[in-house]
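So the chains spell out like this:
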Amino acid sequence: MRRILILGGTTEARRLAERLGERRDVAATVSLAGRTRTPAAYPVPVRIGGFGGAQGLARYLTRERVDAIIDATHPYAAIISANAAAAAAATRIPLLALRRAPWTPLPADRWIEVADTAAAVDALGEAPRRVFLTLGKTELGMFARAPQHHYLVRSVEPVDPPLAVPHAAYVTGRGPFTEMDDRALLIAHTIDVIVAKNSGGTATYGKIAAARSLGLPIILLRRPALPEVPTVEAIEDVMIWLDHAVALRGV
Ligand code: NAP
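Rules of the game
- Residues numbered from 1 in each chain as written.
- Predicted model: local features only at pLDDT ≥ 70, side-chain atom pairs only at ≥ 80, totals over all residues.
- Heavy atoms only, no water.
- Axes fitted to C-alpha atoms, helices over the stretch in contact; angles between N-to-C directions.
- Helix = DSSP H or I, 4+ residues; strand = E, 2+ residues; numbered from the N terminus.
- Parallel < 35°, antiparallel > 145°, perpendicular 65-115°, else oblique.
- Left-handed = near helix turned anticlockwise from the far one by under 90°.
- Contact = heavy atoms within 4.5 Å.
- Nonpolar A, V, L, I, M, F, W, Y, C, P; charged D, E, K, R; others polar.
- Buried < 20%, exposed > 50% of the residue type's maximum accessible area, 1.4 Å probe, protein only.
- Arc of directions from axis to C-beta.

(A) Structural context of the packing of helix α2 (residues 53-63) against helix α3 (residues 78-91). Running from N to C, α2 and α3 cross one another at 50 degrees; their axes reach a closest spacing of 8 Å. The pairing of α2 with α3 is recorded here as oblique in orientation. Handedness of the crossing formed by α2 with α3: right-handed. Two secondary-structure elements touch here, α2 through G53, A54, L57, A58, L61 and T62 and α3 through N83, A84, A86, A87 and T91. Residues of the contact of α2 with α3, tallied by class, amount to seven nonpolar, four polar and no charged.

(B) Structural view of the environment of T117. One can find T117 in helix α4 (residues 117-124). C-alpha of T117 to C-alpha of A196: the two residues are 79 residues apart in sequence and 9.5 Å apart in space.

(C) Main features of helix α6 (residues 179-188). Taken together, the buried positions of α6 are D182, L185 and L186. The buried residues of α6 occupy an angular sector of 95 degrees when projected down its axis, which confines them to one face. For α6, the exposed residues lying more than 90 degrees away from the buried face are M180 and A188. Directly beyond the C-terminal end of α6, a positive phi value near 40 degrees is found at T190.

Written as structure tokens, this is what we have:
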């Protein structure tokens, strides 16, 4: 029985867990950071909370006799990915990253790519705008320094405490979001600019397509630098890697 640790918090991690949960030769565990109070259901055991840095993760891998790690975290979760690479190197446990390719702009897209959240706030400018924000809790706080804008915030769970600005509305949802629904949302709130991450995949592409059809600009946070580890985009390729690379290693 091979013991696989999936670093999760994404749709891909859940789908991979569903695939591995069906197999008798694999015992998979999903690890979540614990950011959401009601995480999605998984068909395999779930552990929740940080490991205590790369060293803590390495200790966990040894203690739990993990045979392989799949880093299926979000492309903006750069710290855990770096920790996974360091812990895998230290323990010599094979690591594969399952990561969505970034979206690339089409000719009609009006993307303004920025380095980070602070640059996104600056890119909104001084004049009041109606902004659709689809960022995480930690990034949202930075928009309090641009209180002149009207914000519509979409998040998985309610934003608590709310944004410290006079004009903010909130919608919750886990996705996937369709172009049609996102277009209706943008129109209903008379949004004139979107701030988002280049998450890749289909689940949150609706807003990108909707912005294109409405001619709206998108301020897109560039992806952070991630460790150079073997990476695939499809769950099928994870299955092949597990059956070949890990099996060849003799675990
Ligand atoms: P991060 O900045 O890369 O990681 C910060 C710390 O959180 C890590 O050092 C680790 O703590 C802990 N951590 C992160 N992911 C973990 C996991 N899967 N299992 C156990 N501990 C984990 O991560 P983040 O950007 O805050 O993202 C946190 C989680 O939310 C990830 O699982 C990610 O897949 C998911 N997520 C993130 C985003 C995003 O935009 N960043 C979007 C959707 C989902 P220790 O050092 O103590 O081990």
